[in-house]
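Fold and contact review
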Amino acid sequence: MQILDGKALAQKIEEKVSLGAKELKAATGRVPGLAVILVGHDPASQAYVGMKKKACDRAGFYSVTHEMPDDISQDAIIKTIEMMNKNPNIDGILIQLPLPKHIDTTKILEVVAPTKDVDGFHPYNVGRLVTGLDGFVPCTPLGVMELLAEYNIDPKGKNCCVVGASNIVGKPMAALLLNANATVEICHIFTDDLKKHTLNADIILVGAGVINLIKEDMVKEDAIVIDIGINRATDGRLVGDVDYDAVAPKTSYITPVPGGVGPMTIAMLLSNTLKAAQIHAQEENSF
Ligand code: NAD
């Protein structure tokens with residue numbers, strides 16, 4: 001069993017991105033800029049936004065957080081996004097999810113300019129992903145693909161079981177694997193007999209938000225297990241969706257939580273923001 005070390009790879013990617021940012025600045029004067037919209041006071045969202053800001057600082061990016069109260073109107077959020085769309089110092093716009101219930105998340109995500117959509121949630125970028133075209137890909141599944149590549153794991157021809165079918169994790173994960181020529185099954189809350197599906201998988205990728213969802217008897221010998229879940233256990237520890245101690249000895253590769261997919265997500269956000277800045281620099285130069 002080998003651990004897929006997302007923390008180490010994320011650091012390597014961050015160093016590459018920092019270098020890319022320095023080169024871009026030297027060539028064009030442009031500093032990559034990220035705007036984050038944070039609505040409300042959810043402690044987990046605040047912590048994630050804090051980590052993203054620190055990562056931007058490390059990489060030499062400009063970043064700004066627009067903090068808004070829980071009862072902010074949808075129009076006010078839209079106006080702020082439209083302002084960011086026009087702001088030449090901003091290359092990437094990130095809407096920290098979830099948004100409060102009275103806000104239509106789909107509508108908000110559609111306002112973000114597709115070339116600033118560094119989270120890859122705009123339907124334009126979703127469509128490009130599904131059709132296998134270049135665009136912005138959601139950071140968490142993109143990070144998983146980078147992690148697999150780092151360890152020379154090629155999903156081509158492999159049976160992959162994605163557990164969880166959200167727009168931000170499971171669906172884009174499945175699209176990326178399919179684009180990489182894997183055979184993909186997508187399971188979710190209504191899947192009958194989850195074990196039947198996971199037992200057939202060479203690679204299990206789980207992002208459901210359920211502690212110990214994947215147990216030892218659901219994993220075949222030498223499978224690769226990617227744990228995307230991040231949950232807070234009753235004792236306060238961060239844990240994934242996999243019963244790690246029991247499952248790990250059976251696997252050929254496994255990601256730990258923390259230190260697996262989590263750090264990769266932030267590294268890919270930086271990478272996507274640099275990509276956006278490079279696109280914007282090129283657009284500027286072509287006028
Ligand atoms: P979500 O609630 O939007 O979606 C959960 C998905 O899991 C749904 O498709 C649901 O049908 C499925 N599911 C739930 N219970 C299930 C069960 N018992 N059996 C099978 N499928 C089940 O959540 P999300 O935003 O996609 O996040 C999922 C998990 O991934 C959470 O733990 C979240 O914290 C984590 N996450 C991690 C990162 C990271 O950087 N590692 C990023 C985003 C989300």
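Reference entry: report on the structure contained in this document. (Residues numbered from 1 in each chain as written. Predicted model: local features only at pLDDT ≥ 70, side-chain atom pairs only at ≥ 80, totals over all residues. Heavy atoms only, no water.)

As a further point, take the overall build of the protein. On a plain count of helices and strands, the protein comes out with 10 helices and 11 strands. Computed over C-alpha atoms, the radius of gyration of the protein comes to 19 Å, within 12% of the 19 Å expected from 2.2 N^0.38 for 287 residues, which places it in the range of a compact globule. Principal-axis analysis of the C-alpha atoms places the extent of the protein at approximately 55 × 40 × 35 Å. Counting all 287 residues of the protein, 49% fall into the buried class. Contacts spanning at least 24 positions in sequence make up 69% of the contacts within the protein whose residues lie at least 6 apart. For the protein, the exposed area adds up to about 13,900 Å²; of that, 55% sits on carbon and sulfur atoms. Here the protein contributes 27 positive and 35 negative side-chain charges, whose respective centroids are spaced 3 Å apart. (Helix = DSSP H or I, 4+ residues; strand = E, 2+ residues; numbered from the N terminus. Rg over C-alpha atoms; globule rule 2.2 N^0.38 Å. Buried < 20%, exposed > 50% of the residue type's maximum accessible area, 1.4 Å probe, protein only. Contact = heavy atoms within 4.5 Å. Areas by Shrake-Rupley, 256 points an atom, 1.4 Å probe, with all protein chains shown as cover. Lys, Arg positive; Asp, Glu negative; His and termini not counted. Charge placed at Lys NZ, Arg CZ, Asp CG, Glu CD.)

Estimated volume of the second largest pocket: approximately 450 Å³. Surrounding the second largest pocket, 19 residues form its lining, F121, V126, N167, I168 and K171 being those nearest its centre. Elements supplying a minimum of two residues to the lining of the second largest pocket: helix 4 (105-111), helix 5 (123-130) and helix 7 (170-179). Among the residues making up the lining of the second largest pocket, the classes are represented as 13 nonpolar, 5 polar and 1 charged. (1 Å grid on protein atoms, 1.4 Å probe; cavity = no way out; pocket = protein on both sides within 12 Å on 5 of 7 lines; lining within 4 Å. Points joined across faces, edges and corners; volume = space filled by probe spheres on them. Nonpolar A, V, L, I, M, F, W, Y, C, P; charged D, E, K, R; others polar.)

Time to look at the environment of L270. Within the secondary structure, L270 is located in helix 10 (residues 261-285). For L270, a relative accessible area of 1% corresponds to the buried category. Expressed as a C-alpha distance, the spacing of L270 and G40, which sit 230 residues apart in the sequence, is 24 Å.

Another aspect to go through is empty space enclosed by the protein. For the structure on display, the rule yields 1 cavity of 30 Å³ or more. Taken as a whole, the largest cavity encloses approximately 40 Å³ of empty space. What lines the largest cavity is simply I93, I95, L109, V112, D117, D119 and F121. Class assignment of the residues belonging to the lining of the largest cavity gives a composition of 5 nonpolar, no polar and 2 charged.

With burial as the criterion, each face of strand 8 (residues 224-227) is covered, one bearing I224 and I226 and the other bearing V225 and D227. When strand 7 (residues 203-206) meets strand 8, the two strands line up parallel, connected through 4 bridges. By the bridge assignment, I203 is partnered in strand 8 with I224. In this sheet, strand 11 (residues 253-254) lies alongside strand 8 in parallel orientation, the contact comprising 2 bridges. Counted as the bridge partner of I224 is Y253 from strand 11. (Pairing = 2+ DSSP bridges.)

All right, on to a nonpolar patch on the surface then. Taken together, Y48, M51, I230 and L238 make up a surface patch of nonpolar side chains, about 320 Å² in accessible area. Within the fold, Y48 resides in helix 2 (residues 43-59). Classification of Y48 by relative accessible area gives partly exposed; the value is 32%. (Patch = residues over 30% accessible without salt bridge, like charges linked within 9 Å, V, L, I, M, F, W, Y side chains within 5 Å. Salt bridge = Lys/Arg side-chain N within 4 Å of Asp/Glu carboxyl O.)

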